[in-house]
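# Close look at the chain arrangement
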Amino acid sequence: MIRDDDLHVGLRRVRDRGRGSAGRAKPFIARALAAAEKAGGLQRRSGSRSRSASFGRGRAASIAAARPMTDRTRSVAVKARVVRHRAWGAPLGTHLAYLRREGVTKDGAPGQMFDAEHDDADHRAFAGRCETDRHHFRFIVSPQDAEQLPDLRAFTRDLMTQAERDLGTRLDWVGIDHWNTDNPHVRVIVRGRSDDGRDLVIARDYISHGLRARAAHLATLELGPRSDLEIRRDLDAQVEADR
């Protein structure tokens, strides 16, 4: 008969169950970090990725734009996509026709493209200028308080003017405002060529952070800083959404 006091527990190293260092058991902290990274809660920046983030125009501007942001800065969501032009892909004109589809305006009418100077931009001419380009950019700009802005198109023009200063080049772009969702937004198509005729390469940091920070500052200038009540309402909404 074995008594409880006959059982002895000893702490030892985990044995190597594989061959060499590749088969050794990972420490707990390494396994925890790997699980967090897999779940999307941790982002490791390798040397190559860090270099790619700083490559292109707008790197310095993205850092400068993010510094003055506070909890009272207006929130603006910006989604971006770089589209390469390939022989087997859908032409840009098809995408522009989809953006102008019926029902996207406030009164349910088809949308109308605009650019830096006109409210009736020629989308066919823009698509023609992009045919020989390597790529183009697609942005979705959605201010949280878009309905309170006096003019969403004017807001977009100011944002693109700021982007030109940040990137150091004139931008050839068209946009369209959509009001058929719960969050009014603007879709902006930017030609992938700078004013010197070269391919327009924008730093990843500016695409993912810099432009959003610029848009947030513009919205704050238009509507003023967020009040304590607005901040509280946003926090309550986020809690309810998480639940």
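Structure first, text after, so check above.
These figures come from a predicted structure and were not determined experimentally. (Residues numbered from 1 in each chain as written. Predicted model: local features only at pLDDT ≥ 70, side-chain atom pairs only at ≥ 80, totals over all residues. Heavy atoms only, no water.)

### A short note on the nonpolar core
- Membership of the largest hydrophobic core comes to 28 residues, with the highest contact counts inside it found for F139, F155, L171 and V190.
- Mapped onto this core, the elements with two or more residues apiece are strand 1 (76-84), strand 2 (135-143), helix 6 (152-167), strand 4 (185-191) and helix 7 (204-223).
- With residues up to four places along the chain from it excluded, the contact list for F155 reads V141, P143, L149, A215, L218 and A219.
- If you look at the next biggest cluster of nonpolar residues, it comprises 11 residues, including L96, M113, A121 and I176. (Core = buried A, V, L, I, M, F, W, Y, C linked by side-chain atoms within 4.5 Å. Buried < 20%, exposed > 50% of the residue type's maximum accessible area, 1.4 Å probe, protein only. Helix = DSSP H or I, 4+ residues; strand = E, 2+ residues; numbered from the N terminus. Contact = heavy atoms within 4.5 Å.)

### Topic: the sheet that holds strand 2
- Read across the sheet, four strands follow the order 1-2-4-3 without closing on themselves; strand pairing throughout is antiparallel. With partners counted over all chains shown, the strands left at the sheet margins are strand 1 and strand 3 (173-178), one partner each. Adjacent strand axes in the sheet meet at a mean angle of 15° when their direction is disregarded.
- In this structure, strand 2 lies alongside strand 4, joined through six bridges in antiparallel fashion. When the bridges of strand 4 are listed, F139 appears paired with V188.
- Sheet strands in contact with helix 5 (residues 123-130) are strand 3 and strand 4, and its direction is about 40° off that of strand 4. (Pairing = 2+ DSSP bridges. Axes fitted to C-alpha atoms, helices over the stretch in contact; angles between N-to-C directions.)

### Considering empty space enclosed by the protein
- The full count for this structure, using the stated rule, is one cavity of 30 Å³ or more.
- As a volume, the largest cavity reaches approximately 80 Å³.
- Lining the largest cavity are F139, M160, A163, L167, L171, V190, I202, Y206, I207 and L211.
- Those elements that place two or more of their residues in the lining of the largest cavity are helix 6 and helix 7.
- Tallied by class, the residues present in the lining of the largest cavity amount to 10 nonpolar, no polar and no charged. (1 Å grid on protein atoms, 1.4 Å probe; cavity = no way out; pocket = protein on both sides within 12 Å on 5 of 7 lines; lining within 4 Å. Points joined across faces, edges and corners; volume = space filled by probe spheres on them. Nonpolar A, V, L, I, M, F, W, Y, C, P; charged D, E, K, R; others polar.)

### A closer look at the environment of H185
- Tracing the backbone shows H185 in strand 4.
- Overall, H185 belongs to the buried group, its relative accessible area being 7%.
- Expressed as a C-alpha distance, the spacing of H185 and T156, which sit 29 residues apart in the sequence, is 9.9 Å.
- Beyond its immediate chain neighbours, meaning those up to four positions away, H185 contacts I140, V141, S142, L152, I176, D177 and H178.
- Within the structure, H185 has its side chain in polar contact with the backbone oxygen of N183 (distance 3.0 Å). (Polar contact = N/O pair within 3.5 Å; in protein donor to acceptor, adjacent residues only side chain to side chain.)

### Considering the environment of R153
- Among the structural elements, R153 can be located in helix 6.
- Residue R153 is classed as buried on the basis of its relative accessible area of 15%.
- Taking the C-alpha atoms as reference points, R153 and A116, 37 residues apart in sequence, are found 9.3 Å from one another.
- Leave out the neighbours within four places in its chain, and R153 touches Q112, F114, D119 and D177.

### A look at the packing of helix 4 (residues 92-99) against helix 5
- The contact between helix 4 and helix 5 brings their axes to 9 Å, and the two run at 150°. Between helix 4 and helix 5, the angle falls in the class roughly antiparallel. Like other packed secondary-structure pairs, helix 4 and helix 5 cross with a definite hand, here right-handed. Mapping the contact onto sequence places L92, G93 and L96 in helix 4 and H123, F126, A127 and C130 in helix 5.
- When its residues are assigned to classes, the contact of helix 4 with helix 5 shows five nonpolar, two polar and no charged. (Parallel < 35°, antiparallel > 145°, perpendicular 65-115°, else oblique. Left-handed = near helix turned anticlockwise from the far one by under 90°.)

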